[in-house]
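Geometric and topological summary
Below, each chain spelled out in residue letters.
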Amino acid sequence: QAHLVESGGGWVQAGGSLRLSCAASGIIFSINGMGWYRQAPGKQRELVARITTGGKTNYADSVSGRFTISRDNAKNTVYLQMNSLKPEDTAVYYCHADRYGLGPSYGSWGQGTQVTVSS
């Protein structure tokens, strides 16, 4: 049974930075694509960034150039470095493990971590 635990969320002023971590257990981490999604109040969950098993990354246009996703297979952990944060980045951020590349309707999810950016 996959178990994903996010950490690193919190409150920050606009322009600041946060680093999210997602520790995985119960899965063979190295063969899972990993992703970060977010959901703001009243909005649908959206993709923020993904990283493949080979380290290829892609980002939502809204965060490209500001956020960086990375993974450490030795630590079974995926990270999201968030710089130049904006109030519109405020959301609950979720970690997703995607073993078969089937997208967010499948795979495993963490419980989420709140990120609040004040103006």
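Residues numbered from 1 in each chain as written. Predicted model: local features only at pLDDT ≥ 70, side-chain atom pairs only at ≥ 80, totals over all residues. Heavy atoms only, no water.

1. As for the state of the cysteines
- Counting across every chain of the model gives one disulfide.
- One disulfide in the model links C22 with C95; its S-S distance is 2.1 Å. Where C22 bonds to C95 through sulfur, the torsion about that S-S bond is close to -80°, and the disulfide is left-handed. Note that C22 is positioned in strand β3 (residues 18-25) and C95 in strand β9 (residues 91-98), a separation of 73 residues in sequence.
- Residue class for C22 comes out buried when judged on its relative accessible area of 0%. (Disulfide = S-S within 2.5 Å. Helix = DSSP H or I, 4+ residues; strand = E, 2+ residues; numbered from the N terminus. Buried < 20%, exposed > 50% of the residue type's maximum accessible area, 1.4 Å probe, protein only.)

2. Observations concerning the nonpolar core
- Judged by nonpolar contacts, the single largest core of 28 residues is most densely connected at M34, W36, V78, L80, M82 and Y93.
- Elements that contribute at least two residues to this core include exactly β3, β4 (33-39), β5 (46-51), β7 (67-72), β8 (77-82), β9 and β11 (113-118).
- Those residues in contact with V78 that lie beyond four places of it in its chain are L20, S21, C22, F29, M34, W36, I51, I69, S70, R71 and C95. (Core = buried A, V, L, I, M, F, W, Y, C linked by side-chain atoms within 4.5 Å. Contact = heavy atoms within 4.5 Å.)

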